[in-house]
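Structure at a glance
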Amino acid sequence: MATYPVDGVTEYNAAIHPNAIDPTTFYDKDGGLWMVYGSYSGGIFVLDIDETSGMPVAGQGFGKKLAGGDFNAMEGPFVFYSPKSDYYYLMWSNGGFADGEGYNVRVARSKTPDGPYLDAEGRDVIDARVNNNYGVKLIGSFNFDSPLGETATEWGYNAPGHNSAMYDVELDKHLFVSHTRFPVEQQAHENAHAVRVHEMWVNSDGWLVLSPHRYAPIEGVNYVDNQDIQGDYRIIFHENDTNTEEHQSLYINLSQGNHVFKGNISGAASGTYTFSENDSLINITIDGTNYNGVVKWQWNKGEERLEPVISAMSSSGEMIWAHKLEDKTPAELLADFQNAMADYFPTETEILSDGNFLLAGTGPRGLTVSWTSSNEYLVRRSGAIYQGPSDLGDQQVDITANVTYKGQSATYTETVTVKALEAINMTILSALPKRAHFSFDETLAESGTLTNEGVTFTDGVAAANVAGDPATANYVDGPLGKAVNLDGSYGILLDPSVIEGNEYTVSFWLNQQEQHNFRPAVFSARSADYWQSFLPASWNDGLMMWSHWLEEDASFPWFDGTTSVVPYPINEWHHVAYSFKEGTIEIFYDGKLVGSAEGLEDMHTDKPDGSIITLGLNYWDPGLVAQFDELKVYSQALTEEEISALEYNMFTEDAQMTAVAKENLSIAADLTFVVADLPLAGTGMFASSVVWESSHPAVIDQFGYVTRPTRGNEDVDVTLTATISLAGITETKSFTAKVIAEGPPRPIARFSFEGNLADSTGNFADGQAAVNGLIPTDAATIYDTGIVGDAFSIAGGSSAGAKLPNNLITDHTYSFALWLKPSSLSQFTTAFFGAASANSWFSVVPYGPGAGNTMLWSGTAWFDGDSGVQIPVDAWTHFAVTVDGGKLSIYLNGELANELDGFPDVFTAASSSEFSLGINYWDVSFDGLIDELVIFAEPIEATDIKELFDEGNLAE
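Residues numbered from 1 in each chain as written. Predicted model: local features only at pLDDT ≥ 70, side-chain atom pairs only at ≥ 80, totals over all residues. Heavy atoms only, no water.

A tally of regular secondary structure across the chain gives six helices and 60 strands. Across its three principal directions, the C-alpha atoms of the chain cover 90 × 80 × 70 Å. When burial is assessed residue by residue, the chain has 52% of its 956 residues classed as buried. When contacts within the chain are restricted to residue pairs at least 6 apart in sequence, long-range pairs at least 24 apart make up 61% of them. When the accessible surface of the chain is summed, it comes to about 39,400 Å², and 49% of that surface belongs to carbon and sulfur atoms. Averaged over its 46 positive side-chain charges, the chain has a centre that lies 5 Å from the centre of its 130 negative ones. (Helix = DSSP H or I, 4+ residues; strand = E, 2+ residues; numbered from the N terminus. Buried < 20%, exposed > 50% of the residue type's maximum accessible area, 1.4 Å probe, protein only. Contact = heavy atoms within 4.5 Å. Areas by Shrake-Rupley, 256 points an atom, 1.4 Å probe, with all protein chains shown as cover. Lys, Arg positive; Asp, Glu negative; His and termini not counted. Charge placed at Lys NZ, Arg CZ, Asp CG, Glu CD.)

Right under this line is the structure:
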């Protein structure tokens, strides 16, 4: 600030003042020069620039703020002017730029270069924050999906952003340039990061819409006619969120209606469209939402053909993209599916050991598929693969698809071969190639007592450093006899031939006494420029294989074989091991695989003289402070189960393995509330086979497929019994599963106000008395006679309401219902309030704005969810809503009162949200009674809402 003072600013505040990064200049339509800049920190600012000097015009300070602030992840601003629309467009990127961090491009517009810039809902983006989704989302992560049978190329972007844009006068085109990453399935493409150029067009509302395809010049007049527009499309709904995973495409069909330029939309979404051939403008209505956009021919690079595309925007600023697929008959689509099956499933000669086939129930363009398996023990119709017992050998399984599309059906079968389990027993385990064994029972000698390779090694040497300065080893009690105790003053130099070749396993017990980062447990090196270090505490405080080596081309790569063990514990014995085979490292902790990685340099083949292997020492750091016991080296890369059996559990009998396999067998599901199929494993630990029996096969069969009791019937308890077999020994284990009868969804929260503010489901903590601002208070809560039992009573004015638990609603699909009996009405006063912030909230207001009707009101993305009437005073009214994306349905006394589209998404992007009864941040308290607040995590049906109304109506 002393070097570059700003008028009125004595101290820089990064939350409100700009960052001096991401500057870009632009000319206004009159030739004036401007600079937009700033990312994160205090937001995005614009400065008027003197073109002669290239400096800001004096007296502007930091310039005029346009958007962002408060350290929000908003960066890369860019402004350009379009003579087509006579608007300036401000673009920026929300979210993080890394893969999966949600990068997306936002746009707002203004008639003047220095703003204010407004989004499609008329909101000034000076208030834009990532979690309130201000700004029109021009592009975010997406994927045009190609399910089994789809011949069209699968493609998409992940985290596109930090763009520039322009209007090219000579081309008469708007162009958009950004970098992007790609979906995981496509990341072999161009190192998973590239620059892309797309054409933009101006829709009938003066907003920019973006082509789904990369830019390619197209010669001639680009008009799509009535015949060409009809057909099947893949469509992307970009929504208005900062999505970290790609929005996936759906299938729709456009067909001609009762007018040459009007048509119908069917498939995964339904609606209508109208378009004009002469100006390429199109208007689409899908599920009640209207979109204005453009239909154009574009070049599909993946399929090397021209095809119609649609890009359009709703009035609330949500984009849709669609591209037309190749026209195909039902017979051709069925043949495509058959060909895809032949390519997807392995041949009979390819032996399967494990995995999971993706056997979806739907295919391209609405094609439906049901799957069967000739042997459900080995391949479930869900796609899960389980190996059979070793004594039965490899087995063939027929997988059959019954496919239907537009009245035509076909059945296709592919045969796969499932490999039998390789038997694991103590006889087999004892024959594994053990190379070396150090017991550390008051000695550093290699014992040889458990080895079977006939190799001898020199004794280990206690040393103060890798140079071999002598030290004295000392010992403590370990997990098995004695253990060597490294106190930081010395380590152990081992015979460098203890580990040889490009396949091995190192196993030992370790008790870290003090955490010191980078001090190795096991260190192997050819030189100080060529080493690997197995660390209990690496740079991330966790267990890691860390390596660094000098290549022949003088490059010096680093290798981080990270694990989930962070931080590594202190003063506890744990078993650790690592296996290496041809560049792949696997790391184990207490018998479990905790990390794996590829690309580790081979350290132990053809080692030069001077190579070292140590415990606790490297070239640079002080010694490790830890205790070691039972160090073993195998000349084979052991599996997780082999390490668990031999080294962690130290089994000596097959019966021990079977007992542990039984102990560890589980069902990965909530068995107290079963509403979906259960994953009943066909194999267990140590290659044990598992066969299931059910006490009620009609409810849960032996493969885990669930048939719920019909609505009105009781829930059913089912006993599932597993028979675990290993090495001729069997054990049984039983589980009890409660299968829930079909019926209305279970609420995630229910507040009945029976003398308290407790959630009767037990999912959330109790509410508490609070005053305006949602500030807790010690005031007593008051209850009176309710519609069912007691009700919560609030006395209006500044009296206390209730603050409910946070995060009752977390996304854009939910329902809630409550009974209200107001004693008086005050405009804007809330009965039930939920907020992500003071700028993003919803409120059940008995006396709403405007005409005063009762509504679900939302701001600052103002939305009046009007019920059409004002509820009466001194009488009970049941108020309920469902929110399904942007579709809002309002019910009064069990009957649908209104349906509206475009309801704001208050909660999805919020890190936390808060809820209250009778109070908000601003208005007087509710006056009256509230009863039976019920909240669901999904949109419930009208019949379910009628049942909730009937509960109170019958009680009254």
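The element strand S51 (residues 813–822) is largely enclosed, with a buried count of eight among its ten residues. Both S51 and strand S56 (residues 877–884) contribute to a ladder of eight bridges, which runs antiparallel. Paired with Ala-817 across the bridge in S56 is Ala-880. Relative to strand S60 (residues 925–936), S51 runs antiparallel, the two sharing seven bridges. Following the sheet pairing, Pro-822 is matched in S60 by Gly-928. (Pairing = 2+ DSSP bridges.)

Glancing now at the UniProt feature "domain: Extracellular endo-alpha-(1->5)-L-arabinanase C-terminal" (unreviewed entry) in the chain. Within the UniProt annotation, "domain: Extracellular endo-alpha-(1->5)-L-arabinanase C-terminal" (unreviewed entry) is assigned to residues 212–322. Summarising residues 212–322: 4% helix, 58% strand, and an end-to-end C-alpha distance of 7 Å. (UniProt positions renumbered as here; feature names shortened; annotations may be inferred.)

Read across the open sheet, the three strands follow the order S42-S43-S44; overall the sheet is antiparallel. Of all strands in the sheet, those with a lone pairing partner are strand S42 (689–694) and strand S44 (729–739), marking the two edges. Taken over all neighbouring pairs, the strand axes of this sheet differ in orientation by 20° on average, direction set aside. In this fold helix H5 (residues 654–664) packs onto strand S43 (716–726) and S44, with an angle of close to 5° to the strand it touches most, S44. (Axes fitted to C-alpha atoms, helices over the stretch in contact; angles between N-to-C directions.)

Bringing the side chain of Arg-129 into the picture now. Take Arg-129: it is sitting in the loop between strand S7 (104–110) and strand S8 (136–139). A polar contact is formed between the side chain of Arg-129 and the backbone oxygen of Ile-126, at a distance of 3.5 Å. When residues no more than four places from it in sequence are discounted, the contact partners of Arg-129 are Lys-65, Gly-68, Gly-69, Asp-70, Asn-72, Met-74 and Tyr-134. (Polar contact = N/O pair within 3.5 Å; in protein donor to acceptor, adjacent residues only side chain to side chain.)

Moving on: the environment of Val-691. For Val-691, the position within the fold is in strand S42. Looking at Val-691, the relative accessible area reads 37%, which means it is partly exposed. The sequence separation of Val-691 and Tyr-377 amounts to 314 residues, and the corresponding C-alpha distance is 8.1 Å. The residues contacting Val-691, other than those within four sequence positions of it, are Tyr-377, Thr-721, Ala-722 and Thr-723.

Cis geometry is adopted by the peptide bond preceding Pro-116, which originates at Gly-115 and carries an omega value of 5°. In this model, Val-566 is joined to Pro-567 through a cis peptide bond whose omega is -10°. Here Pro-567 is to be found in the loop between strand S36 (558–562) and strand S37 (573–581). If you check the backbone angles, Glu-630 has positive phi at about 50° while not being a glycine. Locating Glu-630 in the fold gives a position in strand S41 (residues 625–634). Classification of Glu-630 by relative accessible area gives buried; the value is 7%.

Further remarks concern the UniProt feature "domain: Atrophied bacterial Ig" (unreviewed entry) in the chain. The sites that carry the UniProt feature "domain: Atrophied bacterial Ig" (unreviewed entry) are, in the present numbering, residues 355–420 and 661–741. As a span, residues 355–420 carries 0% helix and 42% strand, and end to end its C-alpha atoms are 14 Å apart. End C-alpha to end C-alpha, residues 661–741 measures 33 Å, and it is 5% helix and 35% strand.

With that settled, the discussion passes to the pairing of strand S24 (residues 368–373). Of the two faces of S24, only one is covered, namely that formed by Val-369, Trp-371 and Ser-373; the face formed by Thr-368, Ser-370 and Thr-372 stays uncovered. Examined bridge by bridge, S24 and strand S25 (residues 395–405) share six bridges and lie antiparallel to one another. Residue pairing in the sheet places Trp-371 in a bridge with Ala-401 of S25.

Here we take up the pattern of salt bridges. Tallied over the entire structure, the rule returns 27 salt bridges. Across the salt bridge formed by Lys-419 and Glu-422, the nearest N and O atoms sit 3.9 Å from each other. Arg-750 is the partner of Glu-951 in a salt bridge, and the nearest nitrogen-oxygen pair spans 2.7 Å. Taken together, the positions of Glu-951 in helix H6 (residues 942–955) and Arg-750 in strand S45 (residues 749–751) put the pair 201 residues apart, joining distant regions of the chain. According to the relative accessible area criterion, Arg-750 is buried, its value standing at 18%. It is possible to trace a salt-bridge network through shared partners that takes in Lys-29, Asp-86 and Lys-111. (Salt bridge = Lys/Arg side-chain N within 4 Å of Asp/Glu carboxyl O.)

This part covers the nonpolar core. Val-484, Ile-492, Phe-508, Phe-534, Leu-543, Tyr-578 and Phe-628 are the most contacted members of the largest nonpolar core, which has 45 residues in total. The contact partners of Tyr-578, leaving out residues within four places of it in the chain, are Ile-499, Tyr-504, Thr-505, Val-506, Val-522, Phe-534, Met-545, Ile-585, Glu-586, Ile-587 and Phe-588. (Core = buried A, V, L, I, M, F, W, Y, C linked by side-chain atoms within 4.5 Å.)

Mapped onto the elements, Tyr-251 comes out in strand S16 (residues 250–259). Relative accessible area serves as the criterion here: at 13%, Tyr-251 is assigned to the buried category. The spacing of Tyr-251 and Asp-717 is 466 residues in sequence and 40 Å in space, taken between C-alpha atoms. The contact partners of Tyr-251, leaving out residues within four places of it in the chain, are Asp-145, Pro-147, Glu-150, Tyr-233, Arg-234, Ser-266, Gly-267, Ala-268, Leu-325, Gly-363, Pro-364 and Arg-365. Within polar-contact distance, the side chain of Tyr-251 engages the side chain of Glu-150 at 2.5 Å.

Okay, the sheet that holds strand S2 (residues 33–37) next. The strand order S1-S2-S3-S4 describes an open sheet built from four strands, whose pairing is antiparallel. Across the chains shown, the open sheet's two edge strands, defined by having one partner strand only, are strand S1 (24–27) and strand S4 (64–67). Each neighbouring strand pair of the sheet contributes to a mean axis angle of 30°, computed without reference to strand direction. Here S2 pairs with strand S3 (residues 44–49) via five bridges, running antiparallel. Bridge pairing in S3 links Val-36 to Val-46.

The terminal C-alpha atoms of helix H2 (residues 330–344) lie 21 Å apart, and with 15 residues this matches the ideal 21 Å at 1.5 Å per residue to within 8%. The inward-facing, buried residues of H2 abut S24, S25 and strand S26 (408–418). (Expected span 1.5 Å × (residues − 1).)

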